[in-house]
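These are the residues of each chain, in order.
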Amino acid sequence: MNSLIAPELTGRIERWPIAGAFTISRGAKTEAIVVVAELRCGDHVGRGECVPYARYGETPEAALAGLEAMRAPLAGGLDRTALQAAMQPGAARNALDCALVDLEAKMSGKRAWELFGSAAPSSTTTAYTISLGTPETMAEATCKAASRPLLKIKLGGDGDDARIAAVRRAAPNVELIVDANEAWTPDNLARNLAACADAGVTLVEQPLPAGRDEALGAIARPIAVCADESVHDRTSLAALRGRYDAVNIKLDKTGGLTEAMAMAQDARALGLQIMVGCMVATSLAMAPAMLLTPFARFVDLDGPLLLARDRDDGLRYDGSTVYPPEPALWG
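Counting of residues starts from 1 at the beginning of each chain's written sequence and follows it residue by residue. Local features in this predicted model are restricted to residues of pLDDT 70 or higher, and side-chain atom pairs are both shown and tallied only at a pLDDT of 80 or more, whereas totals for entire chains, interfaces and linings draw on every residue. With hydrogens and water excluded, all non-hydrogen atoms of the structure serve as input to the side-chain values.

Participant: What exactly am I supposed to notice about the sheet that holds strand 11 (residues 273-276) here?
Facilitator: Pairing between sheet strands relies on hydrogen bonds along the backbone, with the strands arranged either parallel or antiparallel. If you walk across this open sheet you meet the 8 strands as 5-6-7-8-9-10-11-12, and the pairing is parallel. Of all strands in the sheet, those with a lone pairing partner are strand 5 (128-130) and strand 12 (298-299), marking the two edges. We call two residues in contact whenever any of their non-hydrogen atoms come within 4.5 Å of each other. For helices, the fitted line uses only the C-alpha atoms of the stretch in contact; every axis is such a line through C-alpha atoms, and the angle between N-to-C directions lies from 0 to 180 degrees. A run of H or I in DSSP counts as a helix once it spans at least four residues, and a run of E counts as a strand once it spans at least two, with each numbered from the N terminus. Its contacts with the sheet put helix 10 (residues 257-269) on strand 10 (246-249) and strand 11, and the angle it makes with strand 10 is roughly 175°. In this scheme, strands are said to pair when DSSP sees at least two bridges between them.

Participant: What exactly am I supposed to notice about the packing of helix 4 (residues 91-108) against helix 10 here?
Facilitator: What describes two packed helices is the angle between their axes and the distance between those same axes. Packing of helix 4 against helix 10 leaves a shortest axis separation of 8 Å and a crossing angle of 90°. The orientation of helix 4 with respect to helix 10, classified from their angle, is roughly perpendicular. Packed against helix 4, whose contacting residues are Arg-93, Asn-94, Asp-97, Cys-98 and Val-101, the element helix 10 presents Leu-257, Thr-258 and Glu-259 at the interface. When residues are sorted by character, Ala, Val, Leu, Ile, Met, Phe, Trp, Tyr, Cys and Pro go into the nonpolar class, Asp, Glu, Lys and Arg into the charged class, and all the rest, Gly among them, into the polar class. Looking at side-chain class alone, the contact of helix 4 with helix 10 contains 3 nonpolar, 2 polar and 3 charged residues. Any angle that is under 35 degrees is reported as roughly parallel, and any over 145 degrees as roughly antiparallel; angles of 65 to 115 degrees are reported as roughly perpendicular and all others as oblique.

Participant: What is the right way to look at helix 4 in this model?
Facilitator: In an α-helix, one full turn covers 3.6 residues, which means residues spaced three or four apart are oriented alike. Helix span, as expected, comes to 1.5 Å for every residue beyond the first. With 18 residues, helix 4 extends 26 Å from end C-alpha to end C-alpha; this agrees with the ideal 26 Å at 1.5 Å per step. In this scheme, a residue with accessible area under 20% of its type's maximum is buried, one over 50% is exposed, and one in between is partly exposed, where area comes from a 1.4 Å probe on protein chains only. A large share of helix 4 lies buried, amounting to 15 of its 18 residues. In the stretch just after helix 4, Gly-109 is the one whose phi turns positive, near 75°.

Participant: Can you walk me through the pairing of strand 11 in this structure?
Facilitator: Looking down a regular strand, the side chains alternate between one sheet face and the other. Relative to strand 11, strand 10 runs parallel, the two being bridged by 4 bridges. Bridging across to strand 11, Asn-248 finds its partner in Met-275. Pairing analysis gives 2 bridges linking strand 11 to strand 12, with the strands arranged parallel. The partner of Met-275 across the bridge, within strand 12, is Phe-298.

Participant: So what exactly am I meant to see when it comes to the nonpolar core here?
Facilitator: Nonpolar side chains tend toward joint burial in soluble globular proteins. Grouped together as the largest cluster of nonpolar side chains are 80 residues, with contacts concentrated most on Ile-153, Trp-184, Val-201, Val-247, Leu-257, Leu-292 and Trp-330. Not counting residues up to four positions away in its chain, the partners in contact with Leu-257 are Asn-94, Asp-97, Cys-98, Val-101, Phe-116, Leu-251, Pro-288, Leu-291, Leu-292 and Trp-330. Counting residues in each nonpolar core, the second largest holds 22 residues, with Ala-37, Leu-64, Met-87 and Ala-95 among its members. Only buried residues count toward a nonpolar core, which is a set of Ala, Val, Leu, Ile, Met, Phe, Trp, Tyr and Cys residues joined through side-chain atoms within 4.5 Å.

Participant: Hey, could you run me through the sheet that holds strand 3 (residues 44-50) in this one?
Facilitator: The strand order 1-2-3 describes an open sheet built from 3 strands, whose pairing is antiparallel. In the strand order of this sheet, the two ends are held by strand 1 (8-24) and strand 3, each with one partner. Neighbouring strand axes in the sheet, compared pairwise and without regard to direction, differ in orientation by 20° on average. Of the pairings in the sheet, the one linking strand 1 to strand 2 (residues 27-41) comprises 13 bridges and is antiparallel in character. Along strand 2, the bridge assignment pairs Trp-16 with Ala-32. On top of the sheet, helix 4 reaches strand 1, strand 2 and strand 3; it is set at about 155° to strand 3, its chief contact.

Participant: I would appreciate a short explanation of the pattern of salt bridges in the present structure.
Facilitator: A side chain of one charge can pair with a side chain of the opposite charge if their charged atoms are brought near each other. By definition here, a salt bridge exists when the distance from a side-chain nitrogen of Lys or Arg to a carboxyl oxygen of Asp or Glu is within 4 Å. For the structure on display, the rule yields 20 salt bridges. The residue Lys-106 makes a salt bridge to Asp-102 at a minimum N-O spacing of 2.5 Å. Of this pair, Lys-106 and Asp-102 both sit in helix 4, 4 residues apart, roughly one helical turn. Judged by its relative accessible area of 27%, Lys-106 falls in the partly exposed class. On the accessibility criterion, Asp-102 (1% relative accessible area) is buried. Put simply, Glu-259 and Arg-234 hold a salt bridge, and the shortest N to O gap is 2.8 Å. Of the two residues, Glu-259 sits in helix 10 while Arg-234 sits in the loop between strand 9 (224-227) and strand 10, which places them 25 residues apart along the sequence.

Participant: Hey, could you run me through the packing of aromatic side chains in this one?
Facilitator: A ring pair, where both rings are aromatic, is described by two values, the distance of the centres and the angle of the planes. Each aromatic pair joins two rings of Phe, Tyr and Trp (for Trp, the six-membered one) with centres within 6.5 Å, and gets the label stacked for planes under 30 degrees apart, edge-to-face for over 60, and tilted for any other angle. All told, the structure shown has 1 aromatic pair when counted by the stated rule. Residues Tyr-53 and Tyr-56 carry aromatic rings whose centres are separated by 5.3 Å and whose planes lie at 80° to one another, so their mutual orientation is edge-to-face. Looking at Tyr-53, the relative accessible area reads 17%, which means it is buried. Should the NZ of a Lys or the CZ of an Arg lie within 6 Å of a ring centre and within 35 degrees of the ring normal, that charge is described as sitting over the ring. Taking the ring centre of Tyr-128 as reference, the NZ or CZ of Arg-148 above it sits at 4.2 Å. Across from the ring centre of Tyr-323, 3.6 Å away, lies the NZ or CZ of Arg-316, which sits over that ring.

Participant: What's the story with the environment of Leu-64 in this structure? I'm lost.
Facilitator: For Leu-64, the location among the structural elements is in helix 1 (residues 60-68). For the pair formed by Leu-64 and Gly-11, sequence separation is 53 residues and the distance between their alpha carbons is 6.3 Å.

Structure representation (structure tokens):
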């Protein structure tokens, strides 16, 4: 950043209502609880948003405390490069990293992708998520979304073969990807993969629990399998060999855009396809992830579409087409 003035940090917890409920194998929620980091330097303000995830032992309060602990390092000149060692990967670092990128962009008059020497993102198709439920309720929800080109189907273990068959009947011409959120077991893995293959599913995300996914390397996988909970940052890529064909890069896991951009390059070098994923959050959380979309085979940035309302100056969605952020939002 082109200033000797240290940015002033503020953090806050925000709650955004979900339209209905969002249900996966680990439970349902009716609101998105996000933590926002805001950096002010003179007339310039940089922002970043994260979603602390209980699956990884995170809470909004702990994430906010993690941000507060960075006040003194920021006053001492902490920049985005030093941040990578100063904080552990996770939601809090993501919010601060993205706020630093946003602030740097605003102070330099450049767009965020220019700071990374990357191509400008263009409009792209995002998946739209169908929550876990009975085959009948999922088929009903799928019918309402059948005009979208790409659907992401949440599965949950027993009965998934019936769920995916019902979804396919409801949307015979849509590309389907599924997310089991660690709910399958070695005993039903082959059966559920076969059911997905029979339904023409393109990709299965995280079928087995992280740390207990060795069965994926011992079977012939009829369709591509994507790591989510089994992969966080670059250090976890090597363990995926022989088990996964793709990785879901989420900024809340990598600890920010800086690590995510480097991780995308390393994943491609290993021959892994890339999905750009998200938590349920506002457009402020989606905007940085748009910089990864030029590298991605799958884009899953539908978080704002699942909310009852989005923040001002949010990303523009035209059906399932999402457009890059305007400077008023981020970057």
